[in-house]
Amino acid sequence: MIDNIPPGLIMILGALILPFLAQRTQAIAVLVLSLLSLFLFCLTGETSFGQMELFGATLEVVRIDATSRIFGIVFHIAAIVSAIYALHVRDTRQHVSGIVYAGAAIGACCAGDLLTLFVYWELTALSSVFLIWASDNERSYRAGMRYLIIQVTSGVLLLSGAILRFVETGSLEFTKMAVQGEPLSASAWLILFAFGIKCAFPLLHNWLQDSYPKATVTGSVFLSAFTTKLAVYSLIRGFAGFEPLIWVGCMMTLFPIVFAVIENDLRRVLAYSLNNQLGFMVVGIGIGSELAINGTIAHAFCHIIYKSLLFMSMGAVLYRVGTVKATELGGLHKSMPWTTTFCIIGAAAISGFPLLSGFISKSMIISAAAEEHQFITWFILLIASAGVMEHSGIKIPFFAFFAHDSGKRVKEAPTNMLVAMGIASFFCIGLGIAYPLLYRLLPNDVDYHPYTVTHVVTQLQLLLFAALAFVFLMKTGLYPSEQRATNLDTDWIYRRALPKAVVLCRAVIGTIDRFLRQGVMAMLRQITSCARTGFNEQGLLGRTWSTGTMTFWSTLLLAVCLVLYYLRS
Amino acid sequence: MNDSPPNSGEAVQTNGHDDPSWFEKPGNINKMIVSLVVVCVLLVLADFFYTNPHPHFPAWENVIGFQAWFGFIAFVVVVFLGRLLRIFVSRPEDYYDR
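Residues numbered from 1 in each chain as written. Chains lettered and ligands numbered in written order. Predicted model: local features only at pLDDT ≥ 70, side-chain atom pairs only at ≥ 80, totals over all residues. Heavy atoms only, no water.

Asks: How would you sum up the overall build of chain A? Please name residues and give values.
Replies: Helices and strands together make up the secondary structure of chain A, namely 21 helices and four strands. Taking 25 Å as the expected radius of gyration for a compact globule of 569 residues, we find that chain A reaches 33 Å, considerably beyond that expectation. If one aligns the C-alpha atoms of chain A with their principal axes, the spans along those axes are about 125 × 60 × 60 Å. Relative to its full complement of 569 residues, chain A shows a buried share of 62%. Summed over its atoms, the accessible surface of chain A is roughly 22,300 Å², and 70% of this surface lies on carbon and sulfur atoms. (Helix = DSSP H or I, 4+ residues; strand = E, 2+ residues; numbered from the N terminus. Rg over C-alpha atoms; globule rule 2.2 N^0.38 Å. Buried < 20%, exposed > 50% of the residue type's maximum accessible area, 1.4 Å probe, protein only. Areas by Shrake-Rupley, 256 points an atom, 1.4 Å probe, with all protein chains shown as cover.)

Asks: Residue-level account of the state of the cysteines, with values.
Replies: Each disulfide consists of a covalent bond between the sulfur atoms of two cysteine residues. Residue and element names in this part refer to chain A. Here the structure, examined in full by the defined rule, presents zero disulfides over all chains. Cys250 provides the cysteine sulfur closest to Cys199, a residue in no disulfide bond, and the two sulfurs are 14 Å apart. Taking relative accessible area as the criterion, Cys199 reaches 0% and is therefore assigned buried. (Disulfide = S-S within 2.5 Å.)

Asks: Give me the pairing of strand β2 (residues 57–63) of chain A: which residues, what numbers.
Replies: Residue and element names in this part refer to chain A. The element β2 is extensively covered by neighbouring structure, given that six of its seven residues are classed as buried. The pairing of strand β1 (residues 48–54) with β2 spans six bridges and is antiparallel. Residue pairing in the sheet places Gln51 in a bridge with Glu60 of β2. The turn linking β1 back onto β2 is made up of two residues, and Phe55 within it adopts a positive phi angle of 50 degrees. (Pairing = 2+ DSSP bridges.)

Asks: Would you mind going over the pattern of salt bridges in detail, with residue names and values included?
Replies: Across all of its chains, the model carries 19 salt bridges over all chains by this definition. Across the pair A:Arg139 and B:Asp97 runs a salt bridge whose closest N-O atoms are separated by 2.5 Å. You can see A:Arg139 sitting in helix α6 (residues 138–169) and its partner B:Asp97 sitting in the segment after β2 (90–91), one on each of two chains. Connected through salt bridges with shared partners, the residues A:Arg146, A:Asp210, A:Lys214, A:Asp491 and A:Arg495 form a single ionic network. (Salt bridge = Lys/Arg side-chain N within 4 Å of Asp/Glu carboxyl O.)

Asks: Give a description of the packing of aromatic side chains that names residues and reports values.
Replies: Within this structure, the stated rule accounts for 42 aromatic pairs over all chains. With a centroid separation of 5.5 Å and 50 degrees between ring planes, the pair formed by A:Tyr435 and A:Tyr451 is classed as tilted. Here A:Tyr451 lies in the loop between α18 (435–441) and α19 (453–475) and A:Tyr435 lies in helix α18, a separation of 16 residues in the sequence. Under the relative-accessibility criterion, A:Tyr435 is labelled buried at 16%. By relative accessible area, which is 28% here, A:Tyr451 ends up partly exposed. Ring geometry for B:Trp60 versus B:Phe66: centroids 5.8 Å apart, planes at 70 degrees, classification edge-to-face. Given a relative accessible area of 31%, B:Trp60 falls into the partly exposed group. The structure contains a cluster of three or more aromatic residues connected by ring pairs, namely A:Phe375, A:Trp378, A:Phe379, B:Phe57, B:Trp60, B:Phe66, B:Trp69 and B:Phe70. (Phe/Tyr/Trp six-rings, centres within 6.5 Å; stacked < 30°, edge-to-face > 60°.)

Asks: I'd love a proper account of the side chain of A:Asp491, names of residues and values included.
Replies: By secondary structure assignment, the location of A:Asp491 is in helix α20 (residues 491–535). Among all residues touching A:Asp491, those that are not within four sequence positions of it are A:Asn206, A:Asp210, A:Arg496 and B:Tyr96. (Contact = heavy atoms within 4.5 Å.)

Asks: Describe helix α2 (residues 23–43) of chain A, listing the residues and the values that go with them.
Replies: Structural remark: α-helix, 3.6 residues per turn; residues separated by three or four positions point the same way. Residues and elements named next belong to chain A. For α2, spanning 21 residues, the distance from its first C-alpha to its last is 31 Å, which sits close to the expected 30 Å at 1.5 Å a residue. Those residues of α2 not exposed but buried are Gln26, Ala27, Ala29, Val30, Leu31, Leu33, Ser34, Ser37, Leu38, Leu40 and Phe41. Lining the buried residues of α2 we find α1 (9–17), α3 (66–85) and α4 (92–108). (Expected span 1.5 Å × (residues − 1).)

Asks: Hey, could you go over the packing of α3(A) against helix α17 (residues 415–433) of chain A for me, with residue numbers and the actual values?
Replies: Packed helices, taken two at a time, are described by the angle between their axes plus the distance between the axes. Residue and element names in this part refer to chain A. Two numbers describe how α3 lies on α17: the axes approach to 7 Å, and their chain directions differ by 155 degrees. By the angle class used here, α3 and α17 are roughly antiparallel. Of the residues in α17, those touching α3 at Ile77, Val81, Ile84 and Tyr85 are Asn416, Met417, Val419, Ala420, Ile423 and Phe427. (Axes fitted to C-alpha atoms, helices over the stretch in contact; angles between N-to-C directions. Parallel < 35°, antiparallel > 145°, perpendicular 65-115°, else oblique.)

Asks: Can you explain unusual backbone geometry? Please cite residues and give values.
Replies: All names here are of chain A. Of note in this structure, Ala200 is not a glycine but carries a positive phi near 60 degrees. Structurally, Ala200 is set in the loop between α7 (186–198) and α8 (206–211). A positive phi angle is found at Leu203, which is not glycine, with a value near 75 degrees. Within the element layout of this structure, Leu203 appears in the loop between α7 and α8. Exposure remark for Leu203: the relative accessible area of 70% places this residue in the exposed category.

Asks: Can you break down the interface of chain B and chain A residue by residue, with the values?
Replies: Listed per partner, the contact involves 64 residues of chain B and 80 residues of chain A. Here chain B meets chain A over a buried area of about 6,800 Å², counting both sides, of which 64% is carbon and sulfur. For the interface between chain B and chain A, the tally reads four salt bridges. B:Glu93 is paired through a salt bridge with A:Arg484; the nearest N and O atoms lie 2.8 Å apart. Residue assignment for the side of chain B that touches chain A shows that the elements contributing at least two residues are β1 (12–13), α1 (26–46), α2 (58–61), α3 (66–89) and β2 of chain B. Take the side of chain B that touches chain A: its biggest share by element is 18 residues, from α3(B). Residue composition of the side of chain B that touches chain A, by class: 34 nonpolar, 16 polar and 14 charged. Bridge count for strand β4 (residues 486–487) of chain A against β2(B) is two bridges, and the pairing is antiparallel. Within β2(B), the residue paired with A:Thr486 across the bridge is B:Arg91. (Buried area = accessible area lost by both parts, 1.4 Å probe. Nonpolar A, V, L, I, M, F, W, Y, C, P; charged D, E, K, R; others polar.)

Asks: Describe the environment of A:Ala194, with residues and values.
Replies: Residues and elements named next belong to chain A. Checked against the element boundaries, Ala194 lands in helix α7. Residues Ala194 and Pro337, spaced 143 residues apart in sequence, show a C-alpha to C-alpha distance of 42 Å. Ignoring any residue separated from it by four or fewer positions in sequence, one finds Ala194 in contact with Trp121, Ser154, Leu157 and Leu158.

Asks: A description of the packing of α7(A) against helix α10 (residues 227–239) of chain A should follow, citing residues and the corresponding values.
Replies: Residues and elements named next belong to chain A. Where α7 meets α10, the axes come as close as 8 Å, and the angle between the chain directions of the two elements is 150 degrees. Between α7 and α10, the angle is such that the two are roughly antiparallel. Relative to α10, α7 is oriented so that their crossing is left-handed. Here Ala188, Ile191, Leu192, Phe195 and Lys198 of α7 lie close against α10, whose contacting residues are Thr227, Thr228, Ala231, Ser234, Leu235 and Phe239. Split by residue class, the contact of α7 with α10 holds seven nonpolar, three polar and one charged. (Left-handed = near helix turned anticlockwise from the far one by under 90°.)

Below, the structure is given as structure tokens:
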């Protein structure tokens, strides 16, 4: 019985009682529910249950295999760490939406059919938007609306794809949809597009950079963990080995690093960095070999933890200082030494320093590309690795905690935040050292050793020479100074270009419309005036004629008829 | 881009010259830079003492210090692309609020 509860359901149902608890206990309840859910999840083995019939389709609410399991575990860890980080928050909205969101993501990664996936998919969208709205300002409200529209669109595409797939194949089972050497079916394209939006594919990405930096301090930590990694999980399940994804992923690793260089809002830098990390995973999915899939899953696992650690450290800065703009920060290591330390651990982990988690996961994807002899992919991933060092490894900690002293003196982050960051840091280091524990959970049986002399030396060369390049650029003054600015991205299209186009279209249509109306009105006026002159008492048709005239015309008509008749015969 | 209100309002503004920490003393900064350079040199020298057992792209990977100069150049290129990008996409901070 106890292992027949769908994973995540306890968290979703538990959220319903949260509003009835006292404000103080809500945060603790979130933590307890997450821990309880993790406990139950660990008891549940690889299994599937919850089969039911709906409109002739077979649904399978829960199907847990090795891939679902590892994502479920890391989602639980993220939920627990985020819950600890949010222990000081007294806001019912955030607690309820946070736990529903986490529960829905966990449920989604254990869904066996597309319809169940759709339900959880939309639930993650609907619950998470409150984490953005909870910032309670006009900007976050608008960003939340844009986020919601885009996320719901993704869900609608998924539902359309699922229905079409049911028509095509007669089954709703969530299986691999990309078959080697065959073109994708229409339904698979729709579903890929739905996944692509949530996974922030290039040109579909900007909801991420638009919304995450506007969420609350604790909300962005929740957000950074679930939505995009749920999409990564879905891509692994449905599109592993679909080759175009390699190029999509390569694009994703490259363009965000350039945007991150000039971005001033450090949480937005982290959003670009998140996008870049997703790129590594999408490349792994596109390669699709056993090593690549293992690498992708391991990378998602490590990434969720170090990315939430980075969002937590910037959240702590935002909480204490009130801003995370690089131009206004600096020198905070003096007043927030613990936060600084944790942030540096996260930054080193994401950059892939040996003995930290990023090293043992990212290297699997890069090695997979090399083993498939994909030179260009390998080359691009190396550039991207140097780019990660730039924006996350150096820029985030340097401009927040060191650089020029902003003169701001604040208190160290609250204890619960430090504990959460400490746990995440522990995982970053632990996974880097005790990596076999993680590798054992991976679905494919692959013999991979990250700590070879070649690998350690080359990786250190790449990272430390990148650091040297930073020193060089700073000393020569070539490093772009931080500027207060808004950098346009694709959201410009729907925030500026489209509204302007609509205004322009309205003006053009209005002019044409006015022109046509005036023309028609003028014509009508002419006709009526014609009629009026013709039919009035003096008009040709309206005046009274004498009997003689009428007789004359009648006679004439008769004569004409006669003549015609005569001519005809 | 962020307007979240300061949640604690405890930030105290000082002139920033009260107590230079270890990381702010020019001597220590130089020490850090020098040690970084030394480590970098050692890392390149390390390439002479081992061979890569399975190079996938020997033409690149067997060059001494390949990832060293690659990392340096990639970093510089990314930063300069960023400077270039700024010309095209940078707008005043309140661009979307107007």
